[in-house]
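Report on the structure
Here are the chains, one letter per residue:
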Amino acid sequence: MSVDISTVKRVAHLARIAVSEDDAARMTGQLNAILGFVEQLNEVNVNGVEPMTSVTPMAMKKRPDVVDDGGKAADIVANAPIHEENFFVVPKVVE
C-alpha cells in the first residue's frame, strides 16, 4: 500500500488537522516508510507463537472484585460545609 499527497490531505481533513503542502510531502514519505515496515512485519511467520504481555514470564496481579464503600466516607465529607450521615447537604434547586 502506498500513500500519496492527496491521501495525506484527505486524512488530515478528516482528522481536522491543518497540513501545509511542505508538511504533506514530508508526511507522505514518513507514512510510506511506516507502512513499508508494517508490510515487513506481515511477512514474519508467527504460527504457534502465543500472544504475550511481556518478554519475561510473569503472572498478572489481580485484586478481588468486590464492592465496598472504601471506608473513607467520613474523610471525604470532612471538609464539606454541611453534611449529614456522610452525605453532602446542598440547597434545593428544583421546585
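For the structure itself, consult the block above.
How each quantity is defined
- Residues numbered from 1 in each chain as written.
- Predicted model: local features only at pLDDT ≥ 70, side-chain atom pairs only at ≥ 80, totals over all residues.
- Heavy atoms only, no water.
- Helix = DSSP H or I, 4+ residues; strand = E, 2+ residues; numbered from the N terminus.
- Rg over C-alpha atoms; globule rule 2.2 N^0.38 Å.
- Buried < 20%, exposed > 50% of the residue type's maximum accessible area, 1.4 Å probe, protein only.
- Salt bridge = Lys/Arg side-chain N within 4 Å of Asp/Glu carboxyl O.
- Patch = residues over 30% accessible without salt bridge, like charges linked within 9 Å, V, L, I, M, F, W, Y side chains within 5 Å.
- Areas by Shrake-Rupley, 256 points an atom, 1.4 Å probe, with all protein chains shown as cover.

Now for the overall build of the chain. When helices and strands are tallied, the chain shows three helices and two strands. Secondary structure of the chain in N-to-C order comes out as α-α-α-β-β. Radius of gyration (C-alpha) of the chain: 28 Å, far over the 12 Å computed for a compact globule of 95 residues. Seen through its C-alpha atoms, the chain measures out along the principal axes to roughly 65 × 45 × 25 Å. Sorting the 95 residues of the chain into buried and exposed places 7% on the buried side.

Turning our eyes to something else, we now look at the pattern of salt bridges. Tallied over the entire structure, the rule returns two salt bridges. Notably, a salt bridge pairs Lys-9 with Glu-21, separated by 2.3 Å at the nearest N-O pair. One end of the pair, Lys-9, is in helix 1 (residues 5-14); the other, Glu-21, is in helix 2 (residues 21-42), and twelve residues separate them in sequence. Assessed through its relative accessible area of 34%, Lys-9 is described here as partly exposed.

On to a nonpolar patch on the surface. Where nonpolar side chains cluster on the molecular surface, the patch consists of Phe-37, Leu-41, Val-44, Val-46 and Val-49 and spans about 480 Å² of accessible area. When you line up the elements, Val-49 lands in the loop between helix 2 and helix 3 (73-76). According to the relative accessible area criterion, Val-49 is exposed, its value standing at 57%.

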